[in-house]
Amino acid sequence: MKQPAGKPIRINQSDIIDISAKLFAERGYWASNLRDIAEQLEVTAAAIYYHFKKKEDILKYIVFTGLDEIYYEVQRAFASENMPEENLEAIVRLHLKWCMKNPHVTKIIIEDSRFLQDDDYETSKSKQKDILRLYKGALKDCLPSHLKSERNLSIAAFNIVAVVLGWYRWYRPDDYITCEQALEQCIDFAIRGAGCKS
């Protein structure tokens, strides 16, 4: 329900992004529209248009901002002065915690970035490849020498990222395992699976 006349609601870009991410994740990008977003915020569609000209601009903002935040978290851990295995564990931990904190955005990056315009989609793929490169760098520092081929590094990095991003699909807070237990098991699985721990 919209506010009565004379009592305008002020919304900001963050409000729109939060509601949009929730709607896109729950209904899907194509099943949501700007009117749905405006209705959830109890404003007119014009209030949304003030910040975003079209729904795809919201999707682009969510995907690009999410990927930039993930890259920053992974890069921050990679740049630390720890032992290589500790760096890799820190990278996986920070990435996974980001995904846990942002399940809607994680789902949108994985499932809905394909709906971006061609140039924007290519940019999102490039950002994802940058994240994979950081993982490959961390893996190169801690894998045994016989596993350090470009192919093995790529496969190991992709598999770790798949474990991390798969979190949103299966974990529910009411499950039989606590969030912290699930986090530790995912980290251990990803690192052992990459061959960095025996």
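Residue numbers restart at each chain and count upward from 1, following the sequence in its written direction. Residue-level local features of this predicted model are given only where pLDDT is at least 70; pairs of side-chain atoms are given and counted only at 80 or more, and the full residue set underlies all totals for whole chains, interfaces and linings. As a convention, hydrogens and water are excluded, and side-chain values are obtained from all of the structure's heavy atoms.

## As for the packing of helix H8 (residues 150-165) against helix H10 (residues 179-194)
- It is the contact of H8 with H10, at a shortest axis distance of 9 Å, that shows an interaxial angle of 165 degrees. It follows from the interaxial angle that H8 and H10 lie roughly antiparallel. With respect to the hand of their crossing, H8 and H10 are arranged in right-handed fashion. Contacts between H8 and H10 involve Ala 156, Ile 160 and Val 163 on the former and, on the latter, Cys 186, Phe 189, Ala 190 and Ala 194.
- Three classes are used: nonpolar for Ala, Val, Leu, Ile, Met, Phe, Trp, Tyr, Cys and Pro, charged for Asp, Glu, Lys and Arg, and polar for all others, with Gly counted as polar. Across the contact of H8 with H10, the residue classes break down as seven nonpolar, no polar and no charged. Between N-to-C directions, angles span 0 to 180 degrees; the directions come from axes that are lines fitted to C-alpha atoms, helices contributing only their stretch in contact. A run of H or I in DSSP becomes a helix once it reaches four residues, and a run of E becomes a strand once it reaches two; helices and strands are each numbered from the N terminus. Any angle that is under 35 degrees is reported as roughly parallel, and any over 145 degrees as roughly antiparallel; angles of 65 to 115 degrees are reported as roughly perpendicular and all others as oblique. By the definition used in this description, the sense in which the near helix is turned from the far one sets the handedness, with an anticlockwise turn below a right angle giving left-handed and a clockwise turn giving right-handed. Contact between two residues is taken to exist if any of their heavy atoms lie within 4.5 Å; hydrogens are not considered.

## Side note on the packing of aromatic side chains
- What counts as a ring pair is set by centres within 6.5 Å for rings of Phe, Tyr and Trp (its six-membered ring), and what kind of pair is set by the plane angle: stacked under 30 degrees, edge-to-face over 60, tilted for all other angles. Counted by the stated rule, this structure contains six aromatic pairs.
- Note on Phe 24 and Tyr 29: the rings are 5.2 Å apart at their centroids and 80 degrees apart in plane angle, and the pair reads as edge-to-face.
- For Tyr 29, a relative accessible area of 4% translates into the label buried.
- Consider the rings of Tyr 29 and Trp 30, whose centres lie 5.4 Å apart with planes at 65 degrees: the pair is edge-to-face.
- Residue burial is assigned from relative accessible area. The probe radius is 1.4 Å, only protein chains are included, and a residue is buried under 20% of its type maximum, exposed over 50%, and partly exposed in between. Trp 30 gets classed as exposed once you look at its relative accessible area, which sits at 60%.
- Put simply, the rings of Phe 24, Tyr 29, Trp 30 and Phe 115 touch in pairs and so form one group of aromatic residues.
- Geometry around Tyr 29 places Lys 55 over its ring, the cationic atom sitting 4.1 Å from the centre.
- Placement of a charge over a ring requires the Lys NZ or Arg CZ to be within 6 Å of the ring centre, with the centre-to-atom vector within 35 degrees of the ring normal. One Lys or Arg, Lys 127, reaches over the ring of Phe 64 and ends 5.3 Å from the middle of that ring.

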